[in-house]
Amino acid sequence: CGVPRDDEVPFFPVVYSGYAIYFGSEQNMCDPEDTFESWQYRQFTWGVMPGWFDRWDIGEPRFARQRNMIARLARIRRAGEDYMVYGSLDGEVRFTERPKDREYPMNYLWRPTTWIDKVHLPDLHGTVWTSREDGSRAVFVANATPDARRVAFRLPCRGLKPVSIPETAGVRYSESADSGELHLPPHGIAYLRSR
């Protein structure tokens, strides 16, 4: 279970990806929706199975946005299972400009509901993966903001192409000699691969 901290790095997923499935997020039903989304996006790009540890029913109407987001992340993860489930996490995407950190209030579990802490997370999350099956590469980038974004990053390999599924609609991608450029819609997620 990943615990939201400012200094957390994807150490466990990097070491054990392809051998163990990392799942669950310490998240509280009282967390604001943007906190929930940013944390889930980071966990997703790190290869963590979408979900959370808490005692709330995702079927409740008030959690429709969270339920739809979890389902969307699960469908992208399923489409990219050669990388995120069976492949290896090679590291984080190297953006040309460092993403801005935002402060999110967070109600940690197993503590009184009145106890609120804060966590600082970037508004853009991205990782690079390799398939153990054929050695191809994949990049996943998630925009945790309600604004459209244009971002550039150093290429981990050439010839990346967007994977077209309904959950990644609206993403545009172009590539030059040593960098890639993404146009991400609000809350957009890109899935690029080299095969």
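Residues numbered from 1 in each chain as written. Predicted model: local features only at pLDDT ≥ 70, side-chain atom pairs only at ≥ 80, totals over all residues. Heavy atoms only, no water.

A.B. asks: Go over the packing of helix H2 (residues 33-45) against helix H3 (residues 64-79) with me, naming the residues and quoting the values.
C.D. replies: H3 packs onto H2 with a crossing angle of 15° between their chain directions and a minimal axis gap of 11 Å. In terms of axis orientation, H2 runs roughly parallel to H3. Handedness of the H2/H3 crossing: right-handed. Facing H2, whose interface residues are Glu 33, Phe 36, Glu 37, Gln 40, Tyr 41 and Phe 44, H3 presents Arg 65, Gln 66, Met 69, Ile 70, Arg 72, Leu 73, Ile 76 and Arg 77. When grouped by side-chain class, the residues that make up the contact of H2 with H3 number seven nonpolar, two polar and five charged. (Axes fitted to C-alpha atoms, helices over the stretch in contact; angles between N-to-C directions. Helix = DSSP H or I, 4+ residues; strand = E, 2+ residues; numbered from the N terminus. Parallel < 35°, antiparallel > 145°, perpendicular 65-115°, else oblique. Left-handed = near helix turned anticlockwise from the far one by under 90°. Contact = heavy atoms within 4.5 Å. Nonpolar A, V, L, I, M, F, W, Y, C, P; charged D, E, K, R; others polar.)

A.B. asks: Can you tell me about the pattern of salt bridges, naming the residues and giving the values?
C.D. replies: All chains considered together, the criterion is met by eleven salt bridges. The residue Glu 181 makes a salt bridge to Arg 150 at a minimum N-O spacing of 3.5 Å. Placement of Glu 181 in strand S9 (residues 179-184) and of Arg 150 in strand S6 (residues 149-154) is noted, with a sequence separation of 31 residues between them. Sharing partners across several salt bridges, the network here consists of Glu 33, Glu 37 and Arg 65. (Salt bridge = Lys/Arg side-chain N within 4 Å of Asp/Glu carboxyl O.)

A.B. asks: Give a detailed account of the sheet that holds strand S10 (residues 189-193), specifying residues and quantitative values.
C.D. replies: Read across the sheet, five strands follow the order S1-S4-S5-S10-S7 without closing on themselves; strand pairing throughout is antiparallel. Here the strands that pair on one side only, and so sit at the sheet edges, are strand S1 (88-92) and strand S7 (161-162). Two elements, strand S4 (residues 124-130) and strand S5 (residues 137-143), share seven bridges in a ladder whose sense is antiparallel. Among the inter-strand pairings, Gly 126 is bridged to a residue of S5, identified as Val 141. (Pairing = 2+ DSSP bridges.)

A.B. asks: Please set out the sheet that holds S9 residue by residue, giving values where relevant.
C.D. replies: Strand order in the open sheet formed by three strands is S6-S9-S8, and the pairing between neighbours is antiparallel. The open sheet terminates on both sides in strands that have one partner only, identified here as S6 and strand S8 (172-175). The average angle at which neighbouring strand axes cross in this sheet is 15°, direction not considered. Sheet topology note: the S6/S9 ladder contains six bridges and is antiparallel. Looking across to S9, one finds that Arg 150 is bridged to His 183.

A.B. asks: A description of a nonpolar patch on the surface should follow, citing residues and the corresponding values.
C.D. replies: A cluster of nonpolar side chains, Val 9, Phe 11, Phe 12, Val 14, Val 15, Tyr 16 and Tyr 19, forms an exposed patch at the surface whose accessible area comes to about 730 Å². Relative to the helices and strands, Val 14 is located in helix H1 (residues 11-16). With a relative accessible area of 37%, Val 14 lands in the partly exposed category. (Patch = residues over 30% accessible without salt bridge, like charges linked within 9 Å, V, L, I, M, F, W, Y side chains within 5 Å. Areas by Shrake-Rupley, 256 points an atom, 1.4 Å probe, with all protein chains shown as cover. Buried < 20%, exposed > 50% of the residue type's maximum accessible area, 1.4 Å probe, protein only.)

A.B. asks: Lay out the packing of aromatic side chains with the relevant residues and their values.
C.D. replies: Inspection of the entire model under this criterion finds six aromatic pairs. Arranged with centres 6.5 Å apart and planes meeting at 75°, the rings of Tyr 83 and Tyr 191 form a pair that is edge-to-face. Within this pair, whereas Tyr 83 is found in helix H4 (residues 81-84), its partner Tyr 191 is found in strand S10, the two being separated by 108 residues in sequence. In this pair, the class of Tyr 83 matches that of Tyr 191, namely buried. On the basis of an interplanar angle of 25° and a centroid distance of 6.2 Å, the ring pair of Phe 153 and Tyr 173 is categorised as stacked. With a gap of 20 residues between them, Phe 153 in strand S6 and Tyr 173 in strand S8 connect regions that are remote in the sequence. A single burial state applies to Phe 153 and to Tyr 173, both of which are buried. (Phe/Tyr/Trp six-rings, centres within 6.5 Å; stacked < 30°, edge-to-face > 60°.)

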